[in-house]
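Secondary and tertiary structure notes
These are the residues of each chain, in order.
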Amino acid sequence: MNDVIAEIRKDYIYGLAKRSERADGRALDEYRPIQVEVGLIDKAEGSARVKIGNTQILVGVKLQPGEPFADAPDTGVIITNVELVPLASPSFEPGPPNENAIELARVVDRGVRESGAIDLSQLTLPDGKVWIVFIDVHVLDHDGNLIDASALGALAALVNAKKPSERYGYGPDEALPIKEYPIAVTAVDLDGEIMLDPSLDEETIASSRLTVISGLQGTLAGMQKSGTGTLSTEEIARIVKLASSKAMQIREEFFGGSTDG
Amino acid sequence: MEFMKNGKRIDDRLPNELRPIKFEVGALERADGSCYVEHGGNKVIAAVYGPRAVHPRHLQEANRAIIRYRYNMASFSVEERKRPGPDRRSVEISKVSREAIDPVIIKEFYPRSTIDIFVEILQADAGTRSAGINAASVALADAGVPMRGLISSCAVGKVDETVVLDLVKEEDNYGQADMPIAMDVRTGEVTLLQMDGHLTLDEFEQALELGKIGCASIAEMQREALIQKYRGEENE
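Notes on the structure in this doc start here. (Residues numbered from 1 in each chain as written. Chains lettered and ligands numbered in written order. Predicted model: local features only at pLDDT ≥ 70, side-chain atom pairs only at ≥ 80, totals over all residues. Heavy atoms only, no water.)

1. Considering the sheet that holds strand E8 (residues 183-190) of chain A
All names here are of chain A. Quick note on the threshold: Between any two strands, pairing holds if DSSP finds at least two bridges. Think of it this way: any DSSP run of H or I at least four residues long counts as a helix, any run of E at least two long counts as a strand, and we number them from the N terminus. Simply put, an axis is a line fit to the C-alpha atoms, just over the touching stretch for a helix, and the angle between two N-to-C directions goes from 0 to 180 degrees. Whether two residues touch is decided by their heavy atoms; if any such pair falls within 4.5 Å, the residues are in contact.
Read from one edge to the other, the open sheet built from four strands follows the order E9-E8-E10-E11, with strand pairing classed as antiparallel. Looking along the sheet, the strands with just one partner apiece sit at the ends: strand E9 (193-196) and strand E11 (220-226). Neighbour-to-neighbour, the strand axes of the sheet open up by a mean angle of 20°, direction not taken into account. Here E8 pairs with strand E10 (residues 209-214) via six bridges, running antiparallel. Within E10, the position partnered with Ala 187 by the bridge is Leu 210. Here helix H2 (residues 99-114) sits on the sheet and contacts E10 and E11; the angle it forms with E11, its principal contact strand, is near 165°. Contacts between helix H3 (residues 146-160) and the sheet are confined to E8 and E10, with E8 contributing the most and set at about 175° to the helix.

What follows is the structure in structure tokens.
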């Protein structure tokens, strides 16, 4: 259904793009209003709700002692999962995660893992076990750009998280060791115009999108092109540059205090 | 474990007292109707889609809409991480919850369609099925689905030989009985009744009476939440 509407609006949105405008009046590099709230779920070790416009996701972080991987006995384990529950969109259906949910989970995971957001070497436990960090993303309202919302929510929930050491008899609870703040910025290209934070309509009609995840120094930690469309190397270079500077702004706004110390 | 002390419960409530409850109508944008509920430590959100086309088509009924209800717990909603996806417990709860709500929906208005109800438990603290049903009922009204009434639900139980309303986690886990009920308060018709534990016939009658009172209070809150949301629109 939504696909049909987006198809009808295609001409309109492309027409606007030619004049560097967007249907909701935003500038091309402008995000919808972002809201981050942390600590809503007492049962989770860390949690965050992120709204980007009408898109809404909830992330819960749980920690449990478990066995490390045989090839990395001295490092903690990260497991990222995304549930595209049918409550969030008329196009989501019940059932095991489909390819979109798995791609989303893997991109969020890549940002956290490859940037070194968590110092995994500090997740060892005295009895040879390590902390298993579960990052569970629950999508509540899908109005486009789930990747940026989920990645931001994952980071905010990790920053909010405490190791539940006391419950498992390992001494007092401690904050998770966070040493990098990866921010995902997603862009679509409509007729040569690059738009950040695509709305659902923009995302649906764009033939491809590119997500760029970058860290504190602007270094890249992960990327994902998605969709059957093509991007030229020049377009890619433009998006990467734009995304990395936008990531700086978002990081400053939501993690400014923590990254200084 | 000692549950009753000087007539008060472990969270300082009286035996006939509900936990604090909050309804937020229309919490989601994409759904046709939605409702967020906080009921003590429970945080629950319900969304309604429909009436809409049925997929797969062989499920459709020629003379009425079908109702589908999915109760799902977020993996971070409980102390020990829950594996995502349905388990036997959530399949049973989905079934009895659907049957609790089904009787008040005027299904004959929408042949060959489905009304889908999705309930997500974001945080669980005993009584999630009741909180889900309360949220779903309001979400249906928010979606404009024609109904004969609102369904309201709460649990009653027994701890330390005392019949109590609206159990918390500890009372549920270690108490003597747990009995969730749901009803259309206006007609007095009971649409869900489950019980596990031990009750004498007298205690059962007491519990049912207490449950009715609890449901009546909740029905008033549901009504009030809906009026709050739609009163403004009426005046415009």
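And the narrative resumes.
2. Thoughts on the nonpolar core
This is how it is decided: Nonpolar cores are built from buried Ala, Val, Leu, Ile, Met, Phe, Trp, Tyr and Cys residues. Side-chain atoms within 4.5 Å join them into one set. Categorising residues by exposure relies on relative accessible area from a 1.4 Å probe, with only protein chains included: less than 20% of the type maximum marks a residue as buried, more than 50% marks it as exposed, and the intermediate range marks it as partly exposed.
Ranked by internal contacts, the top residues of the largest apolar core, which has 60 residues, are Ile118(A), Ile135(A) and Val139(A). Here this core takes 10 residues from H3(A), the largest share from any one element. Every residue in contact with Ile118(A), bar those within four places of it in the chain, is listed here: Ile78(A), Val112(A), Leu123(A), Val133(A), Leu158(A), Leu176(A), Pro177(A) and Ile178(A). Listed in part, the 51 residues of the second largest apolar core include Val37(B), Met179(B), Met183(B) and Ala207(B).

3. Remarks on H2(A)
Residues and elements named next belong to chain A. Rules: Expected span, for any helix, means 1.5 Å times one less than how many residues it has. A 3.5 Å cut-off defines polar contacts: any pair of N or O atoms within that distance qualifies, except that in protein one atom must be a possible hydrogen donor and the other a possible acceptor, and neighbouring residues in sequence count only when both atoms are side-chain atoms.
Taking 1.5 Å as the rise per residue, H2 with 16 residues should run 22 Å; its terminal C-alpha atoms sit 21 Å apart, in good agreement. Among the residues making up H2, those that are buried are Ala 101, Leu 104, Ala 105, Val 107, Val 108, Asp 109, Gly 111 and Val 112. On the buried face of H2, the contacting elements are strand E4 (77-83), strand E5 (130-141), H3, E10 and E11. Regarding H2, its N-cap is Asn 98, as a side-chain oxygen of that residue lies 3.1 Å from the backbone nitrogen of Asn 100 further along. Downstream of H2 by one or two residues, Gly 116 has phi in the positive range, about 75°.

4. Structural notes on the interface of chain A and chain B
Using the following cut-off: By convention in these notes, a salt bridge is any Lys or Arg side-chain nitrogen within 4 Å of a carboxyl oxygen on Asp or Glu. Under the grouping applied here, Gly and all other residues not named as nonpolar or charged are polar, the nonpolar ones being Ala, Val, Leu, Ile, Met, Phe, Trp, Tyr, Cys and Pro and the charged ones Asp, Glu, Lys and Arg.
Contacts between the two partners involve 33 residues from chain A, matched on the other side by 28 residues from chain B. At the junction of chain A and chain B, the tally comes to two salt bridges. Where chain A packs against chain B, one counts 16 residue pairs in polar contact (both at pLDDT 80 or more). Here the side of chain A that touches chain B takes six residues from strand E3 (residues 55-66) of chain A, the largest share from any one element. The residue inventory of the side of chain A that touches chain B, partitioned by class, reads 15 nonpolar, 10 polar and eight charged.

5. Things to note about the pattern of salt bridges
Overall, the coordinates contain 35 salt bridges over all chains when judged by the stated rule. With a shortest N-O distance of 2.8 Å, Glu202(A) and Arg22(A) are connected by a salt bridge. Of this pair, Glu202(A) sits in helix H4 (residues 200-205) while Arg22(A) sits in the loop between helix H1 (2-18) and strand E1 (34-38); the two residues are 180 residues apart in sequence, bridging distant segments of the chain. For the residue pair Glu202(A) and Arg22(A), the accessibility class agrees, reading buried in each case. One salt bridge connects Glu108(B) with Arg148(B), and the closest N-O pair in it is separated by 3.5 Å. Residue Glu108(B) is found in the loop between helix H1 (88-101) and strand E5 (113-123), and its partner Arg148(B) is found in the loop between helix H2 (128-142) and strand E6 (151-159); the two are separated by 40 residues along the sequence. The exposure class assigned to Arg148(B) is partly exposed, which follows from its relative accessible area of 40%. Taken together, the salt bridges that share partners define one network made up of Arg9(B), Asp11(B), Arg13(B), Arg19(B), Asp125(B), Asp166(B) and Glu171(B).

6. Things to note about the environment of Arg32(A)
All names here are of chain A. Mapped onto the elements, Arg 32 comes out in the loop between H1 and E1. Under the relative-accessibility criterion, Arg 32 is labelled buried at 7%. Between the C-alpha atoms of Arg 32 and Ala 187, which are 155 residues apart in sequence, the distance is 13 Å. When sequence neighbours within four positions are dropped, the list of residues in contact with Arg 32 reads Asp 24, Arg 26, Ile 52, Gly 53, Thr 55, Asp 143, Gly 144, Asn 145, Asp 197, Pro 198 and Ser 199. A distance of 3.2 Å separates the side chain of Arg 32 from the backbone oxygen of Gly 144, its partner in a polar contact.

Geometric descriptors of this kind do not, in isolation, establish any biological role.
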